[in-house]
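# Descriptive structure summary
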Amino acid sequence: MKKTAKARFAIKSWDEKPYSEGTDQPKLTRASVAKTFTGDIEAEGHVEYLMMYRSDGSASFVGIERIVGRIGNKSGTFVLQRIGAFEDGQATESYTVIPGSATGDLRGLVGEGHSSVGHGMEHPFELRYELRPSDA
């Protein structure tokens, strides 16, 4: 049975740099982002985003994020795969726990979520999850 962890995350740092751009080409950037989670999830997160910006300022992005901390009373780490878009001042993304990525008391974690947030440094975060028995 899936549970829902409700938390907030604050962005501690955002370091974004272009790695490919040119005339009549979309700009490609990489952003290293550090976060702190509070609430049902108490953790630190680090995500690497790859982004493609269109001439109108909208963007598409993918990311991989390692989260280190706890969900409820279970401690460990897990990795999220993120995919999303930025349009009209809103970043909309879905994220999934990568199977086999969880460690410690979180081993066997599976889950997913979806968010839509505007600019700012603090945002709501929700993860629908379950802990499945693992062989390790």
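Residues numbered from 1 in each chain as written. Predicted model: local features only at pLDDT ≥ 70, side-chain atom pairs only at ≥ 80, totals over all residues. Heavy atoms only, no water.

### As for the overall build of the protein
In plain terms, the rule: Helix and strand assignments come from DSSP, with helices taken as H or I runs of at least 4 residues and strands as E runs of at least 2, each series counted from the N terminus. Atoms considered for the radius of gyration are the C-alpha atoms alone. The globule rule reads 2.2 Å times the number of residues to the power 0.38. When accessible area is computed with a 1.4 Å probe and restricted to protein chains, residues below 20% of their type maximum are described as buried, those above 50% as exposed, and intermediate ones as partly exposed. Only heavy atoms enter the contact rule, under which two residues are in contact if any of them lie within 4.5 Å. Computed with a 1.4 Å probe, the accessible areas rest on the Shrake-Rupley method; for each residue, only the protein chains presented here act as cover. His is not counted, nor are the chain ends, whereas Lys and Arg count as positive and Asp and Glu as negative. Charge placement uses NZ in Lys and CZ in Arg. For Asp and Glu, CG and CD serve respectively.
What the protein contains, in helices and strands, is zero helices and eight strands. Put simply, the protein runs from its N terminus to its C terminus through helices and strands in the order β-β-β-β-β-β-β-β. Over its C-alpha trace the protein gives a radius of gyration of 16 Å, about what one expects of a compact globule, namely 14 Å for 136 residues. Expressed as a percentage of the 136 residues in the protein, the buried residues total 35%. For the protein, long-range pairs separated by at least 24 residues make up 47% of all intrachain contacts whose partners lie at least 6 apart in sequence. Of the accessible surface of the protein, which amounts to about 7800 Å², a share of 52% is contributed by carbon and sulfur atoms. Separation between the mean location of the 17 positive side-chain charges and that of the 19 negative ones in the protein comes to 6 Å.

### Structural notes on the sheet that holds strand S1 (residues 3-20)
The strands making up a sheet associate through backbone hydrogen bonding, with each pair oriented either parallel or antiparallel. Here is the rule we go by: Paired strands, in this sense, are two strands between which DSSP finds at least two bridges. Angles run from 0 to 180 degrees between N-to-C directions of axes, and those axes are lines fitted to C-alpha atoms, restricted for helices to the stretch in contact.
On the basis of which strands lie adjacent, the closed barrel formed by eight strands has the order S1-S2-S3-S4-S5-S6-S7-S8 and antiparallel pairing. This sheet shows a mean twist of 25 degrees between the axes of neighbouring strands, independent of strand direction. Alignment of strand S4 (residues 59-71) against strand S5 (residues 74-87), held across 13 bridges, turns out to be antiparallel. Looking at S5, one finds that Arg66 is bridged to Val79.

### A short note on the packing of aromatic side chains
What counts, and what does not: Stacked, tilted and edge-to-face are the three classes assigned to paired rings of Phe, Tyr and Trp, where Trp is represented by its six-membered ring and a pair needs centres within 6.5 Å; plane angles under 30 degrees give stacked, over 60 edge-to-face, the rest tilted. Both a distance and an angle decide whether a charge sits over a ring: NZ of Lys or CZ of Arg must be within 6 Å of the ring centre and within 35 degrees of the ring normal.
In this structure the tally under the stated criterion is six aromatic pairs. On the numbers, 5.1 Å between centres and 70 degrees between planes, the contact of Phe37 with Phe125 is edge-to-face. With a gap of 88 residues between them, Phe37 in strand S2 (residues 27-39) and Phe125 in strand S8 (residues 122-131) connect regions that are remote in the sequence. In terms of burial, Phe37 and Phe125 fall into one category: buried. Grouped by ring-pair contacts, the aromatic residues Phe9, Phe37, Tyr95 and Phe125 constitute a single cluster. Just above the ring of Phe9 sits the side chain of Lys35; from NZ or CZ to the centre is 4.5 Å.

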